[in-house]
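Residue-level listing of the chains:
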Amino acid sequence: GKLCYLVAIEGWIIIVSGVKEDAEESDLYDAFAEFGEVKDLHLNLERRTGYGKGYALVEYGCFEEAQTAIRSMNGTQLLTKTIHVDWAFNRGPIQNVTSARCELNVCIFVLAIALS
Amino acid sequence: MAAVGGAGNGAGEEAGGAEFYLRYYVGHKGKFGHEFLEFEFRPDGKLRYANNSNYKNDTMIRKEVFVSPSVLREARRIIQDSEIMKEDDSNWPEPDRVGRQELEIVMGNEHISFTTSKIGSLVDVQTSKDPEGLRIFYYLVQSIPCAKLICNIPDL
């Protein structure tokens, strides 16, 4: 038989794009920490060059903090370059216009364990 | 209210107005059965992840989330910048008993479908018949936004 666990994880994760390639995690942290506690920050680095790939993922503990960060920082300058900030996840598919504009950001993970 | 991308666009058209699909698979069939990891970005933003590790009591893990248009846009930009769409796998090592990797990408009118063996390290890349192409492939897989995130989310 199979057991399925439905796990709802509230991770309010935003994606910051247009990040300058020599930006460091501390630059991102300094810019985004004012909106709330940064639970996690991932600045994707090109391992070969050490330079950034141009985006970062920032996680807050609650919706309001992430929303404020998006509204405050989207279209602003970080290290002289314009960044764009948006939700990383949506509740539903993109072609559904209402869900693309949905403000909820709950990640649902399905864990299936097959028992032999 | 106008739909995103204009009226009449069906499934497969994301916010940017062009088709985008990406699937990556790495795995092998061995002593413990078929062990693999796969993630797939669909045009509507659905990101599916599957991890089958028979080593741990036949555990199949599946995860699904919807990523935002911003994530898809960033994934497309990274793929574009890497120029992987210009590469071809004819000189790449064939899959073998150690394992197999598959990368399939649809971007607008372009489509690639690559198959190769597992890459253990950069030495494998350097000593191959197409180090430039394999290197692009090797680094690209690690650069896709949210792919790493979903793979690393701890399971119960």
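Residues numbered from 1 in each chain as written. Chains lettered and ligands numbered in written order. Predicted model: local features only at pLDDT ≥ 70, side-chain atom pairs only at ≥ 80, totals over all residues. Heavy atoms only, no water.

Engineer: Explanation requested: the overall build of chain B in the structure shown.
Structural biologist: When you go through chain B residue by residue, the secondary structure sums to four helices and six strands. Secondary structure elements of chain B occur, N-terminal to C-terminal, as β-β-β-β-α-β-β-α-α-α. For chain B, with 156 residues in total, the buried portion stands at 50%. Look at the contacts in chain B between residues 6 or more apart in sequence, and 47% of them connect residues 24 or more apart. For chain B, the exposed surface amounts to about 7,800 Å²; the carbon and sulfur share of it is 48%. (Helix = DSSP H or I, 4+ residues; strand = E, 2+ residues; numbered from the N terminus. Buried < 20%, exposed > 50% of the residue type's maximum accessible area, 1.4 Å probe, protein only. Contact = heavy atoms within 4.5 Å. Areas by Shrake-Rupley, 256 points an atom, 1.4 Å probe, with all protein chains shown as cover.)

Engineer: I keep staring at the pattern of salt bridges and nothing clicks. Help me out?
Structural biologist: Where charged atoms from two side chains of opposite charge come close, those side chains can pair. Residues and elements named next belong to chain B. For the structure shown, the criterion picks out 14 salt bridges over all chains. Put simply, Arg-48 and Glu-64 hold a salt bridge, and the shortest N to O gap is 3.6 Å. One end of the pair, Arg-48, is in strand S3 (residues 46-53); the other, Glu-64, is in strand S4 (residues 59-67), and 16 residues separate them in sequence. Here Glu-132 ties to Arg-135 by a salt bridge, and the two come within 2.8 Å at their closest N and O atoms. A residue pair is termed a helical-turn pair when its members lie 3 or 4 positions apart in one helix, as Glu-132 and Arg-135 do in helix H3 (residues 131-141) at three residues. Among the residues examined, Arg-135 registers a relative accessible area of 16% and is labelled buried. (Salt bridge = Lys/Arg side-chain N within 4 Å of Asp/Glu carboxyl O.)

Engineer: I tried to follow H3(B) on my own but got confused; where do I start?
Structural biologist: Residue pairs spaced three or four apart in an α-helix point in one direction, given the helix's 3.6 residues per turn. Judged by how many residues are buried, H3(B) sits mostly within the fold: eight of eleven residues are covered. Buried-residue contacts for H3(B) involve strand S1 (20-30), strand S2 (33-41), helix H1 (69-82), strand S5 (100-107), strand S6 (110-116) and helix H2 (122-126) of chain B.

Engineer: Help me understand the sheet that holds strand S2 (residues 12-17) of chain A in this model?
Structural biologist: The strands that make up a sheet pair up through hydrogen bonds in the backbone, lying either parallel or antiparallel. Strand order in the open sheet formed by four strands is S3-S4-S2-S7 (chain A), with antiparallel pairing between adjacent strands. Of all strands in the sheet, those bounded by a partner on one side alone are strand S3 (38-45) and strand S7 (84-87) of chain A. The sheet shows a mean angle of 20 degrees between the axes of neighbouring strands, taken without regard to direction. Sheet analysis places S2(A) next to strand S4 (residues 52-60) of chain A, joined by six bridges and oriented antiparallel. Considered in S4(A), the bridge of Ile13(A) is made with Glu59(A). Set on the sheet, helix H1 (residues 25-32) of chain A makes contact with S2, S3, S4 and S7 of chain A; between it and S3(A) the angle comes to about 145 degrees. Across the sheet, H1(B) is in contact with S2, S4 and S7 of chain A; its angle to S4(A) comes to roughly 160 degrees. (Pairing = 2+ DSSP bridges. Axes fitted to C-alpha atoms, helices over the stretch in contact; angles between N-to-C directions.)

Engineer: Which parts of the structure should I look at to understand H1(A)?
Structural biologist: All names here are of chain A. Looking only at H1, the buried set comprises Leu-28, Ala-31 and Phe-32. Here the buried residues of H1 occupy an arc of 85 degrees about the axis, which is enough to place them on one side. Where H1 is buried, its residues meet S2, S3, S4, helix H2 (63-73), strand S5 (77-78) and S7. (Arc of directions from axis to C-beta.)

Engineer: Please explain the packing of aromatic side chains as it appears in this structure.
Structural biologist: Each aromatic ring pair is summarised here by two numbers: the centre-to-centre distance and the angle between the ring planes. Residue and element names in this part refer to chain A. For the structure shown, the criterion picks out ten aromatic pairs over all chains. Ring geometry for Trp-12 and Phe-63: centres 5.8 Å apart, planes at 70 degrees, overall edge-to-face. Remark: Phe-63 occurs in helix H2 and Trp-12 occurs in strand S2; sequence separation between them is 51 residues. Note on accessibility: Trp-12 and Phe-63 belong to one class, buried. (Phe/Tyr/Trp six-rings, centres within 6.5 Å; stacked < 30°, edge-to-face > 60°.)

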